[in-house]
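Given next are the chains, with one letter for each unit.
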Amino acid sequence: MENQEAKRLASAAFKLSKDAKEMYVTSDGTCFTSRNDANNHSFTLKDKEVHTFEKPGLNDDGHSAEAELKAKAEAEAELKAEVNKKKSDKK
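An account of the accompanying structure is given in this report. Worth saying up front: this structure is predicted, and the values here are computed from it rather than measured.

1. Considerations on the overall build of the protein chain
Stage number 1. What the protein chain contains, in helices and strands, is three helices and three strands.
Stage number 2. When its helices and strands are written in sequence order, the protein chain yields α-β-β-α-β-α.
Stage number 3. Taken over 91 residues, the protein chain has a buried fraction of 20%.
Stage number 4. Sequence-distant contacts in the protein chain: of pairs separated by 6 or more residues, those separated by 24 or more amount to 42%.

Shown next, in the form of structure tokens:
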């Protein structure tokens, strides 16, 4: 299986498995979220190759960059609200 075709399959599988951080695609086009499961399945195939793909948009630590930015913005908003409340309490 060509890498582009495996990438297309992995992209579709990521949409169905939203929590998956990695996707493994065997030469017959089967997608797995577990490397072990993909390897075990590949043993039954003539072409044993397994393509590995990381979910786009993840940081090095495996967390969603978008979720991280949202959490940071929420924390900053809470901090600003608390500072403003303290300022108004002093008046």
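2. As for the nonpolar core
Stage number 1. By size, the foremost hydrophobic cluster in this structure holds nine residues: Ala6, Leu9, Ala10, Ala13, Phe14, Ala20, Met23, Val25 and Phe53.
Stage number 2. Those elements that place two or more of their residues in this core are helix H1 (3-16) and strand E1 (22-26).
Stage number 3. No other element matches the five residues that H1 contributes to this core.
Stage number 4. Setting aside its immediate chain neighbours within four residues, Phe14 contacts Ala20, Lys21, Glu22, Met23, Phe53, Glu54, Lys55 and Pro56.

3. Considerations on the pattern of salt bridges
Stage number 1. As enumerated under the stated definition, the model contains one salt bridge in all.
Stage number 2. A salt bridge links Arg8 to Glu5; its shortest N-O distance comes to 2.6 Å. Separated by three residues within a single helix, Arg8 and Glu5 lie in helix H1, roughly one turn from each other.

4. Considerations on the sheet that holds E1
Stage number 1. Here we have three strands laid out as an open sheet, ordered E2-E1-E3, and antiparallel in their pairing. At either end of the open sheet lies a strand with only one pairing partner, and these are strand E2 (31-32) and strand E3 (50-54).
Stage number 2. For E1 and E3, the ladder comprises five bridges, and the chain directions are antiparallel. Note that in E3 the partner of Glu22 across the bridge is Glu54.
Stage number 3. Its contacts with the sheet put helix H2 (residues 35-42) on E1, E2 and E3, and the angle it makes with E1 is roughly 0 degrees.

5. With respect to H1
Stage number 1. Taking 1.5 Å of rise per residue, 14 residues should cover 20 Å, and H1 covers 20 Å from first to last C-alpha, within 8% of that figure.
Stage number 2. Turning to H1, its buried residues are Ala6, Leu9, Ala10, Ala13 and Phe14. End-on view of H1: buried residues confined to an arc of 145 degrees, all on one side of the axis. Exposed residues on H1 whose side chains face more than 90 degrees from its buried face are Gln4 and Lys15.

So, how was this worked out
Residues numbered from 1 in each chain as written. Predicted model: local features only at pLDDT ≥ 70, side-chain atom pairs only at ≥ 80, totals over all residues. Heavy atoms only, no water. Helix = DSSP H or I, 4+ residues; strand = E, 2+ residues; numbered from the N terminus. Buried < 20%, exposed > 50% of the residue type's maximum accessible area, 1.4 Å probe, protein only. Contact = heavy atoms within 4.5 Å. Core = buried A, V, L, I, M, F, W, Y, C linked by side-chain atoms within 4.5 Å. Salt bridge = Lys/Arg side-chain N within 4 Å of Asp/Glu carboxyl O. Pairing = 2+ DSSP bridges. Axes fitted to C-alpha atoms, helices over the stretch in contact; angles between N-to-C directions. Expected span 1.5 Å × (residues − 1). Arc of directions from axis to C-beta.

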